[in-house]
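Single-letter residue listing:
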Amino acid sequence: MAFLSIENLSMRFDLPKGGHVQALEDISLAIGKGELLSVLGPSGCGKSTLLNILAGFLAQTSGKVTLEGREVTAPGPERGMVFQKGALFEWMSVRRNVEFGPRMKGMPETERNTIVENLLDTVGLHEFKDKAVYELSGGMQQRVALARCLANDPDVILMDEPLGALDALTREKMQGLVLNLWKKTGKTIILITHSVDEALLLGERLLVMAPRPGRIHREYRLPFAERAVAGDLREVKDDPGFAHTKTEILSMIWEMEEQIMSGAEA
Ligand SMILES: Nc1ncnc2c1ncn2[C@@H]1O[C@H](COP(=O)(O)OP(=O)(O)OP(=O)(O)O)[C@@H](O)[C@H]1O
Ligand SMILES: [Mg+2]
């Protein structure tokens, strides 16, 4: 039995003015515990829809999602989500944000403090713990979002373009952080991105999705995440194999975009 299993998943949105969008069609996937999975694809191919169903925020039209054999029908603490931006309490301190989940569960203060201290060390924000979130840079805020998600100790971390709003340098540093977290915690991570570089680096397994209807177009098994954990992230990007796969995927997505454009014109 797969750790996280997606069976014949379909999602159709009926539009208020008639017609519908087939956001996902018959997706089946088995994801192992501790797997690092990245998902790429043109805009509108159903990436966020898939993640939102896994999070339990959206109910699929048909098919089934199970986590360790239990069917996913609603949000749960074993599945944590990190969004591109926000979803933090901006007026609260970093510490308050990170301890939010454990506090809601009624965890005693001393235990909460230990969790907060450890996580702020992990994401390198210890000295900022009493600052309000609005006082932090975008990169720091995303580190708070990661720490807050980890505070609930989820088995699966779902990330919808978590680094998309960051500048190139901060983004690269955060990619390193995600890789280290993955290795250190053994969490299962599913990450959506628009960056081919990022998908290659942060995916032992990479899915390329195609639109209309949203489906899995191609799947890769990649060595780069493991290599980047062991060595230097930039060196991995300089690998000829990295460049080769990147070109292949870029052409694939380029072709899909062209088809979407010509379909829209027809
Ligand atoms: N609540 C909704 N009602 C109607 N249609 C929706 C709804 N949510 C998503 N869709 C449609 O479903 C399709 C998939 O959307 P989704 O947001 O999952 O795409 P995506 O791959 O995440 O795109 P992007 O890369 O732009 O974030 C799109 O055609 C979108 O317009
Ligand atoms: Mg999206």
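That block above? That's the structure.
Residues numbered from 1 in each chain as written. Chains lettered and ligands numbered in written order. Predicted model: local features only at pLDDT ≥ 70, side-chain atom pairs only at ≥ 80, totals over all residues.

Chemist: Hey, could you run me through the sheet that holds strand 8 (residues 188-192) in this one?
Modeler: Each strand in a sheet pairs with its neighbour through backbone hydrogen bonds, running either in the same direction (parallel) or in the opposite one (antiparallel). An order of 6-7-8-3-9-10 is seen for the 6 strands of this open sheet, with the pairing classed as mixed. Each having just a single partner strand, strand 6 (79-82) and strand 10 (215-221) make up the two edges of the open sheet. Strand-to-strand twist of the sheet, defined as the mean angle between neighbouring strand axes without regard to direction, takes the value 20°. Relative to strand 8, strand 3 (residues 36-40) runs parallel, the two sharing 4 bridges. Residue Leu36 lies in a different strand from strand 8, and its bridge partner there is Ile189. (Pairing = 2+ DSSP bridges. Helix = DSSP H or I, 4+ residues; strand = E, 2+ residues; numbered from the N terminus. Axes fitted to C-alpha atoms, helices over the stretch in contact; angles between N-to-C directions.)

Chemist: When you look at the site of ligand 1 in this model, what are you seeing that I'm missing?
Modeler: Phe13, Val21, Ala23, Gly41, Ser43, Gly44, Cys45, Gly46, Lys47, Ser48, Thr49 and Gly214 make up every residue found near ligand 1. Elements with a minimum of two residues in the shell around ligand 1: strand 2 (20-31) and helix 1 (47-55). Grouping the constituent residues of the shell around ligand 1 by class yields 4 nonpolar, 7 polar and 1 charged. (Near = placed C-beta within 6 Å. Nonpolar A, V, L, I, M, F, W, Y, C, P; charged D, E, K, R; others polar.)

Chemist: Just checking my understanding: could you explain the environment of Asp153 for this structure?
Modeler: Considering the arrangement of structural elements, one finds Asp153 in the loop between helix 5 (138-151) and strand 7 (156-160). Overall, the presence of 14 C-beta atoms within 10 Å leaves Asp153 in the partly exposed class. (Buried ≥ 20, exposed ≤ 12 C-beta atoms within 10 Å, placed from the backbone.)

Chemist: Explanation requested: helix 1 in the structure shown.
Modeler: Since one α-helical turn is 3.6 residues long, residues separated by three or four positions face the same way. In terms of burial, helix 1 is largely enclosed, as 8 of its 9 residues are buried. Three or more residues of helix 1 are buried, namely Lys47, Thr49, Leu50, Leu51, Asn52, Ile53, Leu54 and Ala55. Two residues or fewer after helix 1 comes Gly56, characterised by a positive phi angle close to 90°.

Chemist: Just checking my understanding: could you explain the nonpolar core for this structure?
Modeler: Generally speaking, a soluble globular protein has its nonpolar side chains buried in company with each other. Leu54, Ala147, Leu158 and Ile190 are the most contacted members of the largest nonpolar core, which totals 69 residues. The element best represented in this core is helix 5, accounting for 7 residues. For Ile190, the contacting residues outside a window of four places in its chain are Leu37, Val39, Leu51, Leu54, Val156, Leu158 and Met159. (Core = buried A, V, L, I, M, F, W, Y, C linked by C-beta atoms within 7 Å. Contact = placed C-beta atoms within 7 Å.)

Chemist: I tried to follow the sheet that holds strand 1 (residues 4-14) on my own but got confused; where do I start?
Modeler: The antiparallel open sheet is built from 4 strands, whose spatial order is 2-1-4-5. Only two strands of the sheet have a single partner each, and these edge strands are strand 2 and strand 5 (70-71). Note: strand 4 (residues 62-67) against strand 5, 2 bridges, orientation antiparallel. For Thr66, the partnering residue across the bridge sits in strand 5 and is Glu71. Contacts between helix 1 and the sheet are confined to strand 1, strand 2 and strand 4, with strand 2 contributing the most and set at about 60° to the helix.

Chemist: It is not clear to me how the pairing of strand 9 (residues 205-210) should be interpreted in this structure. Could you clarify?
Modeler: Two faces make up the sheet, and in a regular strand the side chains alternate between them. Summarising burial for strand 9: 5 of the 6 residues are buried, a large majority. Hairpin connection from strand 9 to strand 10: 4 residues lie between these consecutive antiparallel strands, with Arg212 at a positive phi of about 50°.

Chemist: Help me understand helix 6 (residues 168-185), please; the structure alone is not making it clear to me.
Modeler: Under the 1.5 Å per step criterion, the end-to-end length of helix 6 is 26 Å for 18 residues, consistent within 8% with the ideal 26 Å. Arg171, Met174, Gln175, Val178, Leu179 and Trp182 are the residues of helix 6 that are buried. The buried residues of helix 6 occupy an angular sector of 145° when projected down its axis, which confines them to one face. With respect to the buried face of helix 6, the exposed residues turned more than 90 degrees away are Leu169 and Lys184. The inward-facing, buried residues of helix 6 contact strand 3, helix 5, strand 8, helix 7 (196-201), helix 8 (224-230) and helix 9 (233-237). Trailing helix 6 by a residue or two, Gly186 shows a phi angle of about 70°, which is positive. (Expected span 1.5 Å × (residues − 1). Arc of directions from axis to C-beta.)

Chemist: Is there a simple way to explain unusual backbone geometry in this structure?
Modeler: The bulk of non-glycine residues show a negative phi, and the bulk of peptide bonds are trans. For the bond running from Arg212 to Pro213, omega is 0°, close enough to zero to count as cis. Mapped onto the elements of the fold, Pro213 is located in the loop between strand 9 and strand 10.

Chemist: Explain the pairing of strand 1 to me, please; I cannot follow it from the model alone.
Modeler: Direction of pairing for strand 1 relative to strand 2: antiparallel, over a ladder of 8 bridges. Note on strand 2: the bridge partner recorded for Met11 is Leu24. Counting the residues in the hairpin turn of strand 1 and strand 2 gives 5 residues, including Gly18, whose phi is positive at 95°. Judged from the 5 bridges that link them, strand 1 and strand 4 form a sheet pairing that is antiparallel. In the strand pairing of strand 4, Ser10 is matched with Ser62.

Chemist: Please explain the packing of helix 4 (residues 109-122) against helix 5 as it appears in this structure.
Modeler: Relative placement of two packed helices is described by the angle separating their axes and the distance separating the axes. For the pair helix 4 and helix 5, the least separation of the axes is 10 Å and the interaxial angle reads 140°. With respect to their mutual orientation, helix 4 and helix 5 come out oblique. Crossing of helix 4 against helix 5: the hand is right-handed. Of the residues in helix 5, those in contact with Ile115, Leu119, Leu120 and Thr122 of helix 4 are Ala147, Leu150 and Ala151. Split by residue class, the contact of helix 4 with helix 5 holds 6 nonpolar, 1 polar and no charged. (Parallel < 35°, antiparallel > 145°, perpendicular 65-115°, else oblique. Left-handed = near helix turned anticlockwise from the far one by under 90°.)

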